[in-house]
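# Structure at a glance
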Amino acid sequence: MKQIITNTMLLLPLLMAAQTSNKNFKINSLNNKNNTDMQHKNLDVDGLSVFYREAGQQNKETILFLHGNPTSSHMYNDLMHSLKDKYHVIAPDYPGYGFSSRPTVSEYEYTFDNISNTINQFIDKLELKHFYLFIQDYGGPIGFRIATERPELIKGLIIQNANVYQEGFGEWAVEIGGYIQNNDLEKMDAYKKHLVSLDGLKEQYVTGAKDESLIDPSSYMLDYGFLNRPGSKELFLTLFDDYGSNFAKYGEWQNYLKEHQPPTLVVWGTNDKFFSKPGGEAYAKDLKDVEIHFFDGGHFMLEEYSSEVAQLIKKFITK
């Protein structure tokens, strides 16, 4: 624990120096379209600076990665490195997350609808005409909003622990739902505080992991550093409170799957306490061309199985 605290204290000044509410961490990048090295860029989207990682050749198949919560595009770093020689890979940070702009709640509407709108504009500014969409956790409701609105963009879906079925709620999701249903504001407030604590963040990474030693502490330490910038927890919790807006759209998203039948690869950590195994299995109800693989891992199972998932993606896209 002393080492973790020491690392945190070293990390926080760097993150806080990197961003303020109006200025963003700028990273120079090469402009070579055929460069396969990972580039770190910022794109102006309606007055916001959206940070994103990009690698690979633009004449290759594109994979757009939408990250979960409370993390950032950093969660895909290893996977993108494994895929960048074969594909064009892109992963943005949402407003309020990672190295993107952090407007206050009075300056930006932190809802899933509005973040989806920002990512839609990001897609258009990069002139992405079609791509494979990788979604995890919060990337699910953001990505499915985009897919249902603009199905012509989607060549296929890669889904990792992102739920659109009622039977997919795990133990933690049921617990949260109970607090809301019973209007237990005290327990809900305590749960939120735990989610943004160092212990709560670590818990989300290590719970359900087959081998905890494979979980890189840098991942949850980076999340913790981002969340401890001034005002960040308020942004996080504002979007968290909007999560209920997604449930009413489950039927719409299921209809999208039935109607458009996007080729789909599901990779799922079976020990996820937010989204349980039945949520992954449920995609087979509506999709004809679906491949489902379960892993002995948790919510952030890419920490353990990035290489295996990369191989599955290569087979999925080339089949």
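Our structure is the block above this text.
Each value, and the rule that gives it
- Residues numbered from 1 in each chain as written.
- Predicted model: local features only at pLDDT ≥ 70, side-chain atom pairs only at ≥ 80, totals over all residues.
- Heavy atoms only, no water.
- Helix = DSSP H or I, 4+ residues; strand = E, 2+ residues; numbered from the N terminus.
- Buried < 20%, exposed > 50% of the residue type's maximum accessible area, 1.4 Å probe, protein only.
- Contact = heavy atoms within 4.5 Å.
- Areas by Shrake-Rupley, 256 points an atom, 1.4 Å probe, with all protein chains shown as cover.
- Core = buried A, V, L, I, M, F, W, Y, C linked by side-chain atoms within 4.5 Å.
- Polar contact = N/O pair within 3.5 Å; in protein donor to acceptor, adjacent residues only side chain to side chain.
- Salt bridge = Lys/Arg side-chain N within 4 Å of Asp/Glu carboxyl O.
- 1 Å grid on protein atoms, 1.4 Å probe; cavity = no way out; pocket = protein on both sides within 12 Å on 5 of 7 lines; lining within 4 Å.
- Points joined across faces, edges and corners; volume = space filled by probe spheres on them.
- Pairing = 2+ DSSP bridges.
- Axes fitted to C-alpha atoms, helices over the stretch in contact; angles between N-to-C directions.
- Expected span 1.5 Å × (residues − 1).
- Parallel < 35°, antiparallel > 145°, perpendicular 65-115°, else oblique.
- Left-handed = near helix turned anticlockwise from the far one by under 90°.
- Nonpolar A, V, L, I, M, F, W, Y, C, P; charged D, E, K, R; others polar.

Broken down by element type, the protein chain carries 13 helices and eight strands. Evaluated residue by residue, the protein chain yields a buried proportion of 55% over its 319 residues. At a minimum sequence separation of 6, the contacts of the protein chain that also span at least 24 residues come to 74%. Counting every atom, the protein chain has about 13,800 Å² of accessible surface; 48% of that belongs to carbon and sulfur.

Counting residues in each nonpolar core, the largest one holds 94 residues, and the members touching the most others are Ile-63, Phe-65, Leu-79, Phe-134, Phe-144, Tyr-283 and Ile-313. The biggest single contributor to this core is helix 13 (residues 302-318), with eight residues. Not counting residues within four places of it along the chain, the set of residues in contact with Phe-144 comprises Ile-135, Leu-157, Ile-159, Val-164, Trp-253, Tyr-256, Leu-257 and Tyr-283.

This part takes up the environment of Ser-245. Locating Ser-245 in the fold gives a position in the loop between helix 9 (232-241) and helix 10 (250-260). Residue classification places Ser-245 among the partly exposed positions, given a relative accessible area of 28%. Taking the C-alpha atoms as reference, Ser-245 lies 8.9 Å from Asp-113; in sequence the two are 132 residues apart. One polar contact links the side chain of Ser-245 to the main-chain carbonyl oxygen of Asp-242, over a distance of 2.7 Å.

All right, on to the pattern of salt bridges then. Tallying each qualifying case throughout the model produces eleven salt bridges. Here Lys-193 makes a salt bridge to Asp-189, at a shortest N to O gap of 3.4 Å. Here Lys-193 pairs with Asp-189, and both are found in helix 6 (residues 185-195), just four residues apart, close to one helical turn. Residue classification places Lys-193 among the exposed positions, given a relative accessible area of 57%. For Glu-252, the salt bridge is made with Lys-249, and the minimal N-O distance between the two is 3.8 Å. Classification of Lys-249 by relative accessible area gives partly exposed; the value is 23%.

So, on to the layout of surface pockets. Quantified by volume, the largest pocket comes out at close to 580 Å³. In this structure, the largest pocket is lined by 27 residues; those nearest its centre are Ile-176, Ile-180, Phe-240, Tyr-243 and Phe-247. Secondary structure elements with two or more residues in the lining of the largest pocket: helix 5 (171-181), helix 6 and helix 9. Examining the composition of the lining of the largest pocket, we find that six residues originate from one element, helix 5, more than from any other.

With that settled, consider the sheet that holds strand 7 (residues 264-269). Taken in spatial order, the eight strands make up an open sheet running 1-2-4-3-5-6-7-8, and their pairing is mixed. On the outer flanks of this sheet lie strand 1 (39-45) and strand 8 (290-295), each paired with one strand and no other. When the angles between neighbouring strand axes are averaged without regard to direction, this sheet yields 20°. Relative to strand 4 (residues 88-92), strand 2 (residues 48-55) runs antiparallel, the two being bridged by four bridges. The residue of strand 4 that forms the bridge with Tyr-52 is Pro-92.

This next bit is on helix 3 (residues 112-125). The periodicity of an α-helix, 3.6 residues per turn, causes residues three or four places apart in sequence to face the same way. Across its 14 residues, helix 3 extends 20 Å between first and last C-alpha, which sits within 8% of the 20 Å expected from 1.5 Å per residue. Looking only at helix 3, the buried set comprises Phe-112, Asn-114, Ile-115, Ser-116, Thr-118, Ile-119, Asn-120, Phe-122 and Ile-123.

With that out of the way, let us pick up the packing of helix 3 against helix 4 (residues 139-149). A pair of packed helices is characterised by two quantities: the angle between their axes and the separation of those axes. At their nearest, the axes of helix 3 and helix 4 sit 9 Å apart, and the two run at 60° to each other. Judged by the angle between their axes, helix 3 and helix 4 are oblique. Of the two possible hands of crossing, helix 3 and helix 4 adopt the one that is right-handed. Facing helix 3, whose interface residues are Phe-112, Asp-113, Ile-115, Ser-116, Ile-119, Asn-120 and Ile-123, helix 4 presents Pro-141, Ile-142, Arg-145, Ile-146 and Glu-149. Of the residues assigned to the contact of helix 3 with helix 4, the class counts are seven nonpolar, two polar and three charged.

Another point: empty space enclosed by the protein. Empty pockets left among the atoms are what a rolling probe the size of a water molecule brings to light. One pass over the full model with this rule turns up three cavities of 30 Å³ or more. By volume, the largest cavity amounts to about 80 Å³. What lines the largest cavity is a set of 13 residues, among which Pro-70, Gly-96, Tyr-97, Phe-226 and Leu-227 lie closest to the centre. At the level of elements, helix 8 (217-227) and helix 9 are the ones that each hand at least two residues to the lining of the largest cavity. Broken down by class, the residue content of the lining of the largest cavity amounts to six nonpolar, five polar and two charged.

Within strand 2, eight of the eight residues are buried, which leaves the element mostly enclosed by the surrounding structure. Residues Leu-48, Val-50, Tyr-52 and Glu-54 of strand 2 are buried on one face, and the alternating residues Ser-49, Phe-51, Arg-53 and Ala-55, pointing to the opposite face, are buried as well. Relative to strand 2, strand 1 is paired through seven bridges, and the arrangement is antiparallel. When the sheet's bridge partners are listed, Gln-39 is paired in strand 2 with Glu-54.

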